[in-house]
Amino acid sequence: AFILFPTSTLASTLVSFSTITTNTTWTPDQGPYVVSGYAYVLPGVTLTILPGTVVKFENGSRIEVGGTLVAEGTTLNPITFTSVKDDTVGGDTNGDGTATIPARGDWVQIYANVGATVTFAQSIIRYGGSVGTSETGMIGNYGGILNISDSDFSESNSAHTFIQSGTTTITT
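Computed from a predicted model, the values in this text were never measured in an experiment.

Draft legend 1. Fine view of the overall build of the protein. Within the protein, the regular secondary structure consists of 0 helices and 14 strands. Starting at the N terminus, the α and β elements of the protein follow one another as β-β-β-β-β-β-β-β-β-β-β-β-β-β. Against the 2.2 N^0.38 benchmark of 16 Å for 172 residues, the protein shows a C-alpha radius of gyration of 16 Å, consistent with a compact globule. For the protein, the spread of C-alpha atoms along the three principal axes comes to 60 × 30 × 30 Å. Looking at the protein residue by residue over its 172 residues, the buried ones come to 44%. Contacts in the protein between residues far apart in sequence, at least 24 positions, make up 58% of those at least 6 positions apart. Here the protein displays about 8,100 Å² of accessible surface, and carbon together with sulfur accounts for 55% of that area. Taken as two groups, the 5 positive and 13 negative side-chain charges of the protein have centres that lie 5 Å from each other.

See below:
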């Protein structure tokens, strides 16, 4: 007789080369969310990420915002943005056990494009800032409104935040 064990006991939601065209909410019970390639939030559309949600990125992946991104966690339930190789939060999402470990630059960036509004509060952002792009930092402002408060950045391959243009407010 054989007993089969799943390689991962956690469900995840794959967001692969996706354009978000309607107001959308990502929730902890549907996560972790795995971004593969990119997720693009269209102008006029809001992506809300609820407290306690985990968002993981495959190598070279990113979120681009043309509309609005609201990621407001709480002290007890922060929102985490990290590498798919990071098993410390959201479990072993890629199902490879200890074969891979997260590294600085595993994913690219979360972009605030011209006209976008991006808000992070009580968020944990780590293992981004991929090399090989003209951008630097895990979070980038390219002409939008970027608000960051009470958030923790670590393990970036480059600067934590890159500001090319737009309005950026960072508070602790």
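Draft legend 2. Structural detail: the side chain of K56. Within the fold, K56 resides in strand β5 (residues 54-57). No salt bridge is formed by the buried K56; its nearest oppositely charged neighbour, D87, is found at 4.8 Å. For K56, the side chain forms a polar contact with the main-chain oxygen of D86, separated by 2.6 Å. Among residues more than four places away in sequence, those in contact with K56 are Y33, V34, V35, T82, S83, V84, D86, D87, V89, G90, G91 and T93.

Draft legend 3. Quick look at the nonpolar core. Of all hydrophobic cores here, the largest spans 31 residues; its most connected members are W26, I49, I63, F81, I110 and F120. With 4 residues, the top contributor of residues to this core is strand β3 (residues 33-41). Excluding residues that lie within four positions of it along the chain, F120 makes contacts with L69, A71, F81, I110, I125, I139, L146, N147, I148, S149 and S151.

Draft legend 4. Structural context of the pattern of salt bridges. Per the stated rule, a full pass over the model turns up 4 salt bridges. Close ionic contact of E64 with R62 constitutes a salt bridge, the shortest N to O distance being 2.6 Å. A salt bridge links R126 to D86, with the shortest nitrogen-to-oxygen separation between them at 2.9 Å. Of this pair, R126 sits in strand β11 (residues 123-126) while D86 sits in the loop between β8 (79-83) and β9 (110-112), and the two are 40 residues apart along the sequence. In this structure R126 comes out as buried when scored by relative accessible area, which is 17%.

Criteria and thresholds
Residues numbered from 1 in each chain as written. Predicted model: local features only at pLDDT ≥ 70, side-chain atom pairs only at ≥ 80, totals over all residues. Heavy atoms only, no water. Helix = DSSP H or I, 4+ residues; strand = E, 2+ residues; numbered from the N terminus. Rg over C-alpha atoms; globule rule 2.2 N^0.38 Å. Buried < 20%, exposed > 50% of the residue type's maximum accessible area, 1.4 Å probe, protein only. Contact = heavy atoms within 4.5 Å. Areas by Shrake-Rupley, 256 points an atom, 1.4 Å probe, with all protein chains shown as cover. Lys, Arg positive; Asp, Glu negative; His and termini not counted. Charge placed at Lys NZ, Arg CZ, Asp CG, Glu CD. Salt bridge = Lys/Arg side-chain N within 4 Å of Asp/Glu carboxyl O. Polar contact = N/O pair within 3.5 Å; in protein donor to acceptor, adjacent residues only side chain to side chain. Core = buried A, V, L, I, M, F, W, Y, C linked by side-chain atoms within 4.5 Å.

The quantities given are spatial measurements derived from coordinates; they are silent on function.
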